[in-house]
2 protein chains.
Amino acid sequence: MEVEKAIRERRSVRTYRSQEVKEETVRRILDAGRWAPSGLNNQPWKFLVLEKACKDSLAEYTKYGEVIRSSARVILVFLDREESYHYEKDLLAVGACVQNMLLEIHSCRLGGCWLGEILNRREAVHAKLEIPGHLQLEAVIAVGVPGGGTQAGVRKELGALWIGK
Amino acid sequence: MEVEKAIRERRSVRTYRSQEVKEETVRRILDAGRWAPSGLNNQPWKFLVLEKACKDSLAEYTKYGEVIRSSARVILVFLDREESYHYEKDLLAVGACVQNMLLEIHSCRLGGCWLGEILNRREAVHAKLEIPGHLQLEAVIAVGVPGGGTQAGVRKELGALWIGK
C-alpha cells in the first residue's frame, strides 16, 4: 500500500473478527516499529505481544477493555529507561515507533487501535504482567481483522496548524 | 512508494542539493503530519516552515547547523500546550506526527533529517523566532533534495526487543 494512502486512510479499529493474526504478521509489525528513528539511534523501545488468555486479562485495566477482548493480539510498547538518554526525545521516538506499527498494520489490511487510557493504570499493568522495573508502558496496540466500521477521521485544517513562515 | 519500503529504507539525510522544495510539496508533508493519531484526537501539534534566510539563522543554535544550512527548508514542530491534555501522551502523538512527515518526505524522493539536539537551545530558538508562549519546540525537520550518501541504518535485532509473550 502507498505511504500517502496509508497515512491518510488509517483509522482506529475498535471491533475485530474472530480470525487470528499470524505470528509472521506480528513479526512484520514489530519489525516496522524497529525501523523508527530515535535520538542518537538509541532505539529505546521494547515490545511485548500478548495472545488470547493473557491479552484478555488486560481488559480490566481500561475502559476500552472491549477493544482488547475483541482483538486477536495486543502489542505493548515500553520505554526502556536503561536505554533512555533524554526522556522527552525518547517519548517522541516511541511515538514514531508506534506510528510505524500502525501504518504497517493498516498496510497489512488489518486494523489497529492505539490505547493510551490504560496508562492511567500503568503500575497495575506492570505488576500484573511482572514487567521488569526499567520498562515503562507507553502504549498498547490492539490488532485484528477489522470487524466493523470506523469513525471518520476528523482533523484540523492545515491552515489552523501553520503558524506562519 | 510502498509503506513497507518507506519505513525500512528511510534514513537521515544530512546534505542536500541546492534545489528548492516546492510549496506544494511542503504542504503535502505537513498534511501527512496532520493525519497522525493523538489521544482524544486532540492533535496537539503546530508547524512553522522556514525558508532560506530565516532558516539559516537557526543554524547557530545546533552543532548540526550545516544540515540546516544545506537544506532547502526546515519544518519546526511544536507541542501546543493549550491543546495538550496529557504531556506524556501528547509527546508520543507529536512523535507519530513527525514520523508521518519523515515517511512522506522519503516517499516524495526527498531527504529529511530529524534534528533533536537543537532542543538544548529551545528557549533561545523561541526568543529568536518570537514563538508564542504556549508553543514548545519538539523537533526540527530539515528537508531537501538528497545530495550525498546516508549512513547504513543500524537497528537492534528484533529478538533483543521482544520481551516474551
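Predicted, not measured: the structure shown is a model, and the values here were computed from it.

## Things to note about helix α6 (residues 122-129) of chain A
Right, so step 1: Considered for burial, the residues of α6 of chain A that qualify are Arg 122, Val 125, His 126 and Leu 129 of chain A. All buried residues of α6 of chain A fall inside an arc of 100° around its axis, so they share one side. Residues of α6 of chain A that are exposed and point over 90 degrees away from its buried face: Glu 123 and Ala 127 of chain A.
Right, so step 2: Contacts from the buried residues of α6 of chain A go to β1 (45-50), α3 (52-56), β2 (73-80) and β4 (135-144) of chain A together with α5 (87-107) of chain B.
Right, so step 3: One or two positions beyond α6 of chain A, positive phi appears at Glu 130 of chain A, with a value near 50°.

## Here's the deal with the confidence of the model for chain A
Segments scoring low in pLDDT should not have their predicted coordinates read at a detailed level.
Right, so step 1: Averaged over all residues, the pLDDT of chain A equals 96, while 99% of them reach at least 70.
Right, so step 2: Model confidence for the complex is summarised by a pTM of 0.97, with the ipTM given as 0.97.

## Quick notes on the environment of Val 21 of chain B
Residue and element names in this part refer to chain B.
Right, so step 1: Tracing the backbone through its elements, the reader meets Val 21 in the loop between α1 (3-9) and α2 (23-34).
Right, so step 2: Sequence-wise, Val 21 and Ser 71 are 50 residues apart; in three dimensions their C-alpha atoms are separated by 9.4 Å.
Right, so step 3: Excluding residues that lie within four positions of it along the chain, Val 21 makes contacts with Val 26, Ala 72, Arg 73, Leu 110, Val 143 and Gly 144.

## Looking at the relation of the copies chain A and chain B
Right, so step 1: Relative to chain B, chain A is turned by 180° and slid 0.0 Å along the rotation axis, the superposed coordinates differing by an RMSD of 0.0 Å. A rotation of that kind, with that shift, is consistent with a two-fold axis.

## Here we look at the interface of chain A and chain B
Right, so step 1: Listed per partner, the contact involves 68 residues of chain A and 68 residues of chain B.
Right, so step 2: Carbon and sulfur atoms supply 57% of the area buried between chain A and chain B, which totals about 6200 Å² over both sides.
Right, so step 3: At the junction of chain A and chain B, the tally comes to 10 salt bridges.
Right, so step 4: Taking the shortest distance from any N to any O, the salt bridge between Arg 122 of chain B and Glu 88 of chain A comes out at 2.7 Å.
Right, so step 5: Counting across the chain A and chain B interface gives 47 residue pairs in polar contact (both at pLDDT 80 or more).
Right, so step 6: The leading source of residues in the side of chain A that touches chain B is helix α5 (residues 87-107) of chain A, at 15 residues.
Right, so step 7: Classifying every residue of the side of chain A that touches chain B by side-chain character gives 33 nonpolar, 12 polar and 23 charged.

## Some points on the environment of Pro 146 of chain A
Residues and elements named next belong to chain A.
Right, so step 1: Take Pro 146: it is sitting in the segment after β4.
Right, so step 2: Taking the C-alpha atoms as reference, Pro 146 lies 32 Å from Ala 160; in sequence the two are 14 residues apart.
Right, so step 3: Those residues in contact with Pro 146, other than ones at most four positions away along the chain, are Val 13, Thr 15, Tyr 16, Arg 17, Arg 109, Leu 110 and Gly 111.

## Observations concerning the pairing of strand β3 (residues 111-115) of chain A
Residues and elements named next belong to chain A.
Right, so step 1: Across the five residues that make up β3, a large majority, five, are buried.
Right, so step 2: In β3, alternate side chains face the same way, and those of Gly 111, Cys 113 and Leu 115 on one face and Gly 112 and Trp 114 on the other are all buried.
Right, so step 3: Where β3 and β4 come together, five bridges link them in antiparallel fashion. Directly across from Gly 111, in β4, lies its bridge partner Gly 144.

## With respect to the side chain of Lys 55 of chain B
Residue and element names in this part refer to chain B.
Right, so step 1: Looking at where Lys 55 falls in the secondary structure, it is placed in helix α3 (residues 52-57).
Right, so step 2: Judged by relative accessible area, which is 0%, Lys 55 ranks as buried.
Right, so step 3: Setting aside anything within four residues of it in sequence, one finds Lys 55 in contact with Leu 50, Ile 68, Arg 69, Ser 71, Ala 72, Arg 73 and Val 74.

## Focus on helix α2 (residues 23-34) of chain A
Right, so step 1: Helix length check: α2 of chain A (12 residues) gives 16 Å between terminal C-alpha atoms against 16 Å at 1.5 Å per residue, within 8%.
Right, so step 2: For α2 of chain A, the full list of buried residues reads Thr 25, Val 26, Ile 29, Leu 30, Asp 31, Ala 32, Gly 33 and Arg 34 of chain A.
Right, so step 3: Packing partners of the buried residues in α2 of chain A comprise β1, β2, α5 and β4 of chain A together with α1 of chain B.

## Brief notes about unusual backbone geometry
With the exception of glycine, the majority of residues adopt a negative phi angle, and the majority of peptide bonds are in the trans configuration.
Residue and element names in this part refer to chain B.
Right, so step 1: The backbone of Arg 109 sits at a positive phi, close to 60°, despite the residue not being glycine.
Right, so step 2: Looking at where Arg 109 falls in the secondary structure, it is placed in the loop between α5 and β3 (111-115).
Right, so step 3: The exposed category is assigned to Arg 109, whose relative accessible area is 57%.

## Section: the packing of α2 of chain A against α5 of chain A
All names here are of chain A.
Right, so step 1: Axis separation between α2 and α5 bottoms out at 7 Å; the angle between their running directions is 145°. In the packing of α2 onto α5, the handedness of the crossing is right-handed. From α2, Arg 28, Ile 29, Leu 30, Ala 32 and Gly 33 reach across to α5, where they touch Cys 97, Asn 100, Met 101, Glu 104 and Ile 105.
Right, so step 2: For the contact of α2 with α5, the per-class residue count stands at six nonpolar, two polar and two charged.

Conventions used here
- Residues numbered from 1 in each chain as written.
- Chains lettered and ligands numbered in written order.
- Predicted model: local features only at pLDDT ≥ 70, side-chain atom pairs only at ≥ 80, totals over all residues.
- Heavy atoms only, no water.
- Buried < 20%, exposed > 50% of the residue type's maximum accessible area, 1.4 Å probe, protein only.
- Helix = DSSP H or I, 4+ residues; strand = E, 2+ residues; numbered from the N terminus.
- Arc of directions from axis to C-beta.
- Contact = heavy atoms within 4.5 Å.
- pLDDT = per-residue confidence, 0-100.
- Least-squares fit on C-alpha atoms with pLDDT ≥ 70 in both.
- Buried area = accessible area lost by both parts, 1.4 Å probe.
- Salt bridge = Lys/Arg side-chain N within 4 Å of Asp/Glu carboxyl O.
- Polar contact = N/O pair within 3.5 Å; in protein donor to acceptor, adjacent residues only side chain to side chain.
- Nonpolar A, V, L, I, M, F, W, Y, C, P; charged D, E, K, R; others polar.
- Pairing = 2+ DSSP bridges.
- Expected span 1.5 Å × (residues − 1).
- Axes fitted to C-alpha atoms, helices over the stretch in contact; angles between N-to-C directions.
- Left-handed = near helix turned anticlockwise from the far one by under 90°.

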